[in-house]
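# Descriptive structure summary
Now for the letters of each chain:
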Amino acid sequence: MTANGQHSRTARIARRLAVAGTGAALLALPLVGATTASAATPTAVNSVKTYPNNLDGWIRQSLDIMEQQGIPGSYNGIYRNIMRESSGNPNAINNWDSNAAKGTPSKGLLQVIDPTFAAYHVPGTAYDPYDPVANITAACNYAADRYGSIDNVFGPY
């Protein structure tokens with residue numbers, strides 16, 4: 001303890017902050033007793049959102065991108081259409097319908113043909129119609145333009 005009693009005052013402040021809440025104490029403690037320019041300075045922590053590499057994760061990542069881009073759609077609307085179009089297989093390809101007969105088979109989770117994928121591709125996603133997030137996001141962008149939202153699609157589109 002110093003002669004002027006600073007140590008006990010600092011300890012009381014730290015105890016009061018600890019009682020008030022751990023978060024407040026952690027924020028305030030680096031400031032208590034910091035008297036030189038070498039005091040610790042807080043640094044920003046970059047938090048990157050991660051998604052599981054499965055259907056749920058692909059839909060949730062697409063929804064986050066769609067929100068940033070102003071593309072409407074819901075989890076349920078996307079899921080319902082994926083189950084009808086590909087049963088959740090990101091590598092699905094339709095080699096037998098009229099599009100395939102013209103040389104442009106439907107591909108991926110939401111069965112998008114290449115020209116539609118190219119026209120409605122959303123920047124920031126992979127330029128690959130088999131990429132689950134890119135496929136979902138492009139298909140939802142197309143559905144929003146044509147039907148108002150993927151939520152309004154209840155059959156082949």
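Just above, that's the structure.
These lines cover the structure that appears in this document, whether it is placed above or below. (Residues numbered from 1 in each chain as written. Predicted model: local features only at pLDDT ≥ 70, side-chain atom pairs only at ≥ 80, totals over all residues. Heavy atoms only, no water.)

## What to know about the overall build of the chain
Worth spelling out the cut-off: Note on conventions: DSSP H or I runs of at least 4 residues are helices, E runs of at least 2 residues are strands, and numbering of each starts at the N terminus. Burial here depends on accessible area, computed with a 1.4 Å probe over protein chains only, as a share of the maximum for the residue type. Under 20% is buried, over 50% is exposed, and the range in between is partly exposed. What makes two residues a contact is simply this: any of their non-hydrogen atoms within 4.5 Å. In this description, accessible areas are obtained by the Shrake-Rupley approach with a 1.4 Å probe, and a residue is regarded as covered only by the protein chains that are shown.
If you tally the helices and strands in the chain, you get seven helices and two strands. Along the chain direction, N to C, the helices and strands of the chain fall in the order α-α-α-α-β-α-β-α-α. For the chain, buried positions account for 34% of its 157 residues. Taking contacts inside the chain between residues at least 6 apart in sequence as the whole, the part at least 24 apart equals 46%. Summed over its atoms, the accessible surface of the chain is roughly 9700 Å², and 54% of this surface lies on carbon and sulfur atoms.

## A few points about the side chain of Ser86
Structurally, Ser86 is set in the loop between helix H4 (75-85) and strand S1 (93-94). Not counting the four nearest positions on each side in its chain, Ser86 is found in contact with Ala92, Gly108 and Leu109.

## Section: the packing of aromatic side chains
Defined as follows: Paired rings are identified among Phe, Tyr and Trp, the last through its six-membered ring, by centres lying within 6.5 Å, and are further divided according to the angle between planes into stacked (under 30 degrees), edge-to-face (over 60) and tilted (the rest).
The full count for this structure, using the stated rule, is four aromatic pairs. Ring centres of Phe117 and Tyr127 lie 5.4 Å apart, and the angle between their planes is 65°; this geometry places the pair in the edge-to-face category. Note that Phe117 is positioned in helix H6 (residues 114-120) and Tyr127 in the loop between H6 and helix H7 (132-147), a separation of ten residues in sequence. Taking the relative accessible area as the measure of exposure, Tyr127 reaches 56% and is therefore exposed. Aromatic pair Tyr120 and Tyr142: ring centres 5.3 Å apart, planes at 75°, arrangement edge-to-face. With Tyr120 in helix H6 and Tyr142 in helix H7, this pair connects stretches of sequence that are 22 residues apart. Assessed through its relative accessible area of 11%, Tyr142 is described here as buried.

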